[in-house]
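Per-entry structural report
Residues per chain, in single letters:
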Amino acid sequence: MASNDLTDLITAAIANSGDEALVESKSKEIAQKITSRESTLLGLVENLGPQLTSTTVLDRVKAVDILARVFSTLPKDFLTEKELEFIVEFLCNRLKDQHLVIPKAILCCYPIVQCQNLPRGAGAQLLHQIFQEANVQSHVHKIRRTVFEIIEFLIRHRIEELKELSSDFVVNFLQAMDGEKDPRNLLLLFQMMPHVISTFDLGPFLEDFFEILSCYFPIDFSPTVSLGGTVITREVLASALHTCLSHTNKFSPFLIPLAMEKLDSSLIDSKLDSLRLLELCCEKCYQPGNLQPFLAQMWHSLRREIFMGGNESVEKQCITLIQSVFKVVSRDDGVLNTCIELIFTECKHHLCEPELRLIHPTSRILIGMCNASEKSCRAVAPLILQVLHDQLTRTSVQGEKKRIMEIAELILSTCRQYPEVALVELVDKWDEMLGAWFSFITNDDSEFANLSLKILLRVLENEADFPQKDRFLLQEHLLALLKCNSLSDGALATTIKIAETLVAKHGDEFSENCVNKLLSSMSQQGECLDDGNEMGSPCAKVLAECAPHNATVLEKVVSSLLTQISSSSFSREGEIPQSLKCLNRVVEKVNEFSPNFEQVASLNSILVVRLAVFDKIFQLVLEIAKTMRAGGGGIDMLNQQTEMNGMEVETTTKDLDIFNICVRIVRNLVRSSGEVVQQDLVDRFWKQNVLEADWESFLDGFPFQLVEAILGGLRPKIEIYRKAEFAEYLLQKSVQPTPHNGHPYQRLLSVFVNKLEPEADFESLLKRVETVIFENLVKISSSIRFPESSSSCGESPMEVDDTDGEIADGKLTEDESSRSCCATSLLTWITKGLAMRGIQDLSTWLGRLINLLNSNIVGTVAADGFGILLCDDEVSLNPKSHCKFRFLYKQRLFQTSVPRLVTGYRGSKSNMAKANFIKALSCQLKHIPSSILGMEMESVFPLLVASLKLDTSAPLVSSTLKAFTEMLQNSDEETDKKLIEYCYDIVPQLVKLAGFPGNMEVRCMALQCLLKCAKCPSHVVLPLRAKVIDDLGQCVDDHKRLVRKEARTARNAWILLGAAGGS
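Residues numbered from 1 in each chain as written. Predicted model: local features only at pLDDT ≥ 70, side-chain atom pairs only at ≥ 80, totals over all residues. Heavy atoms only, no water.

So, the overall build of the protein chain
The helix and strand tally for the protein chain stands at 54 helices and 4 strands. Within the protein chain, the fraction of its 1063 residues that count as buried is 55%. Within the protein chain, residue pairs in contact and separated by at least 24 positions form 75% of the contacts whose partners lie at least 6 positions apart. Just so you have it, the protein chain exposes about 45,200 Å², and 49% of that area is on carbon and sulfur atoms. (Helix = DSSP H or I, 4+ residues; strand = E, 2+ residues; numbered from the N terminus. Buried < 20%, exposed > 50% of the residue type's maximum accessible area, 1.4 Å probe, protein only. Contact = heavy atoms within 4.5 Å. Areas by Shrake-Rupley, 256 points an atom, 1.4 Å probe, with all protein chains shown as cover.)

What about the environment of Val140?
Along the chain, Val140 falls in the loop between helix H7 (122-133) and helix H8 (141-157). The spacing of Val140 and Pro103 is 37 residues in sequence and 9.0 Å in space, taken between C-alpha atoms.

Topic: the side chain of Gln746
Summarising the element assignment, Gln746 is placed in helix H40 (residues 743-755). Among the residues examined, Gln746 registers a relative accessible area of 0% and is labelled buried. Within the local environment of Gln746, its side chain forms a polar contact with the side chain of Ser825, the two groups lying 2.6 Å apart. (Polar contact = N/O pair within 3.5 Å; in protein donor to acceptor, adjacent residues only side chain to side chain.)

With respect to the state of the cysteines
Within this structure, the stated rule accounts for 0 disulfides. Cysteine Cys514 is unpaired, with the sulfur of Cys546 as its nearest cysteine sulfur at 8.7 Å. (Disulfide = S-S within 2.5 Å.)

What about the packing of aromatic side chains?
Summed over the entire model, instances satisfying the criterion amount to 19 aromatic pairs. Arranged with centres 5.8 Å apart and planes meeting at 80°, the rings of Trp430 and Trp437 form a pair that is edge-to-face. Residue Trp430 shares its accessibility class with Trp437, and that shared class is buried. Three or more aromatic residues joined by ring pairs make a cluster, and in this case those are Phe131, Phe169, Phe173, Phe200 and Phe209. (Phe/Tyr/Trp six-rings, centres within 6.5 Å; stacked < 30°, edge-to-face > 60°.)

Side note on the environment of Arg667
Considering the arrangement of structural elements, one finds Arg667 in helix H35 (residues 654-672). Look at Arg667 and you get buried, because its relative accessible area is 7%. The spatial distance from the C-alpha of Arg667 to the C-alpha of Val587 is 9.6 Å, given a sequence separation of 80 residues.

A few points about unusual backbone geometry
The step from Phe217 to Pro218 runs through a cis peptide bond, and the omega angle for that step is -10°. You will see that Ser166, though not glycine, has its phi angle at about 55°, which is positive. Within the fold, Ser166 resides in the loop between helix H9 (159-163) and helix H10 (167-177). Positive phi, close to 70°, is recorded for His882, a residue that is not glycine.

Structural notes on the pattern of salt bridges
This structure, assessed with the given rule, holds 48 salt bridges. Note that Arg304 is salt-bridged to Asp264, the shortest N-O span being 2.2 Å. Of this pair, Arg304 sits in helix H17 (residues 295-308) while Asp264 is found in the loop between helix H14 (252-263) and helix H15 (268-284), placing the two residues 40 residues apart along the sequence. A relative accessible area of 25% places Arg304 in the partly exposed class. (Salt bridge = Lys/Arg side-chain N within 4 Å of Asp/Glu carboxyl O.)

What to know about helix H54 (residues 1041-1055)
If you check H54, its first and last C-alpha atoms are 21 Å apart, about what 15 residues at 1.5 Å a residue would give, namely 21 Å. Residues Val1043, Ala1047, Ala1050, Ala1053 and Trp1054 constitute the buried set of H54. Angularly, the buried residues of H54 cover 130° about the axis, an arc narrow enough to put them on a single face. The secondary structure elements touched by the buried residues of H54 are helix H51 (983-993), helix H52 (1000-1013) and helix H53 (1018-1035). (Expected span 1.5 Å × (residues − 1). Arc of directions from axis to C-beta.)

Looking at the environment of Ile143
Counting through the fold element by element, Ile143 comes out in helix H8. Given a relative accessible area of 6%, Ile143 falls into the buried group.

Details of the packing of helix H43 (residues 842-851) against helix H44 (residues 859-870)
Put simply, H43 and H44 touch, their axes get as near as 8 Å, and they point 140° apart. Together, Leu846, Leu849 and Ile850 of H43 and Ala862, Phe866 and Leu869 of H44 make up the contact between the two elements. Here the contact of H43 with H44 is built from residues that sort into 6 nonpolar, no polar and no charged. (Axes fitted to C-alpha atoms, helices over the stretch in contact; angles between N-to-C directions. Nonpolar A, V, L, I, M, F, W, Y, C, P; charged D, E, K, R; others polar.)

A look at the packing of helix H19 (residues 333-351) against helix H21 (residues 374-394)
Orientation of H19 relative to H21, taken along the N-to-C sense of each, is 20°, at an axis distance of 11 Å. With respect to their mutual orientation, H19 and H21 come out roughly parallel. In this structure, the crossing between H19 and H21 has a hand that is right-handed. On H21, the residues touching Asp333, Leu336, Ile340, Phe344, Lys348 and Leu351 of H19 are Lys375, Ser376, Ala379, Val380, Leu383, Ile384, Val387, Leu388 and Gln391. Across the contact of H19 with H21, the residue classes break down as 10 nonpolar, 2 polar and 3 charged. (Parallel < 35°, antiparallel > 145°, perpendicular 65-115°, else oblique. Left-handed = near helix turned anticlockwise from the far one by under 90°.)

Some remarks on the confidence of the model for the protein chain
Mean pLDDT over the protein chain: 84, with 88% of residues reaching 70 or higher. Note that pLDDT drops below 50 for residues 783-805; the model gives that stretch 52 contacts with residues more than four away or on any other chain. (pLDDT = per-residue confidence, 0-100.)

The structure is reproduced here in structure tokens:
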């Protein structure tokens, strides 16, 4: 029965040989029967016998085709070794058959050579027979590719069998690929070629092998699609060819002349391919002997492209090739010297030219030579520096001197990549050069001074090149420059880097020679800060930046600063001591070493333990607070200046400025301290002050900024005495109406919530916070209710009714209204702390805040809270203060809030509530990446359009316009569709905002958006054209130049709408 089924399948396949799909289907059924042992391979051959032995060629073709399809479907381990021996012998005979049968026999060969039980030598036997009987290039693409796939499989899995064919394989392989044009096949050939080159001795066929490859160089074709559907680009094919040509240095006698010939081409791609190929050869396999015969020819071609080519990418690739060549020739001193002499002779001429026309390309060549290797740098750098020095002393033209010094600085920078290169040993006139560079420090031209300082900074990086006597001279020059107080910003930045280098490498020397003089100069330059600068004195800036680089210098500088601070007068009308600002920067600089924890701990120990900076600044803060209370300011006046959302409220007295600086110093000291030091600070300055029963009165009379600075930067594991009572104190203060609405108390409480451990304490505190917030909000919102039983992690004391519409606010007294606003603000800060912590129940807390947007009393406060949620707090709720920080928490907040804000906006009945929802959205936009914003385009865009129609504050309008600008600049198809859809709503509002009073940024962004709108399809925007042009006429006369510029650009675009050549 099975035999009859097999016969029927074979008969159907042969009878319908013109139907590819049917033949393939029947062949798979045959293979399935053989695999399941219902039939046998012998039975298949017996049934195909009449066709295989037929005198009619087409019958034999059909029979072999069925065999090929069946073989390709059988599992790779199905056929036995004996069966495969029979099949291999059969296929070798079929390959001798008529030319129409051979392609089908080749298709049979590929699945057979892949069989796991194939006898040794059988694969090579089949391949040899294919080479003998089939002219590969005379066949269609499918057959050629099959032959190449057979070769590729044998190379990767049966290479030892091919080695036995020796030179016969090489000759036949060359003949098989000679003339191949299909890029899909070429890519396959190029991928197997390196294996052939490295495995077989090419011998007399080396040049033939190269000639066959070289005919494809450089690659030039249009991309096509491979059999697998992937695109084969020119770059992919060129890269594969380059890998073949660069696989052996035996090709060098043929390859280098070919590359130089192609470099003379007018095609940029041809030039770049030639240069990249030579670079790859140098990196992979070339030796000095391969390059030596062609150095003159290569330089002749390269110099032409660099000096006269005019193409930046080609010039850059030429420089890269020169660097690669020097890496190779550096292995042989003789070849290296020949190469240097060849190139430097001409480069020296260009450096000595009076006009210096080619000095920049020449300098790039010389820098590439120095970059190549340490040996090359040792040989080339002294020659260049000597020529540059001679030119510097000869020329009197300022511009030429600057260019020469710029090149010298680049050469020195390159030399510093090799620490062992000591120029003092290599350059004959090194002392003269140093003297010349020193002489330019005092030049009236600030650029000269800065260049000379940069050069000396590079020299200083190698101690051998800068002996002690020269370091002393440099220190004297630096002191003189800093004393005159006339350094440009660039020169001052370089001076600071030099000082940092001196301190890091020669700290004791710098401490002895410079620190006292800098401190004295700082005092003489004045104790004030002009125009709000951080530090007006250059000496103060240098001391602040360099001190943390050495413990000795740090201790000496800080000790002196503390002495100056203690002797300063802190009258209310007095000036802020420069020394205090300097100390603040020193402490900040220590914190900037945060990745190096050991260094931070060491430096912090010097500041806090040995020098007692914390103690002294702490006492200074208390003295200032006492002075202000005596002057009638009271402690509230200090607390009103608390930093809010990373921004300081404007102060009214110098005492407050000093107070804020001191608080920042305390905060930074606490942050950078280890656990042991932090625990000691808390015990000494917190525990001893809250032991008394009346500790709340003590806190009420104590500057709260200082409390937050100490407690806000503590690590989570630090024990705080009476922490639970203090948290309750913060909670009550957070809802107590104050001039600053409790922000500092709320922020510190959110820090506690963020850091609190263990979980039980966290849940207890969070439950208490919820209860207090509810008690102060229950009267204004009927949608917030208190369930009978609740828990902080399960059901919440404050549940949100998602009912749309406006909250029915109750009648409240002024105090109740203020406490409600404070409770809303507290809800914002707690939500922020929980979001940073990564709490699972974040959506519930966020939903409460969103629900309050409907309130007429606290809606505005809740909307402003969304800005607080996403902005970076610089005071205490941040990772620098050791708060728990969940990665991408801002994006999580945004994506959680957007759907609810959109739903709430649509369900709101009053304009005030709608404005709150839009404001809540707009406040978040500037903190969200454009990629995340694009994901919410469908829901955000309509609200942004509505936001433009609101008559509201500049910050809200600005954030909305920034979001529009960002989306329009990175627009995609979806954004363009939305822009067209809302064009008639957007354009009139943008025109109105183009005249927004009092805010230039808003006007500029509105005009930029109008310019983008002008690029909409003409039929959409033409009806608006006349009105826009008329209204923008007034913007062209704006009193701000930037606005006038944007207005002209936008108006011109709208004028050209519909015109020939316009949009």
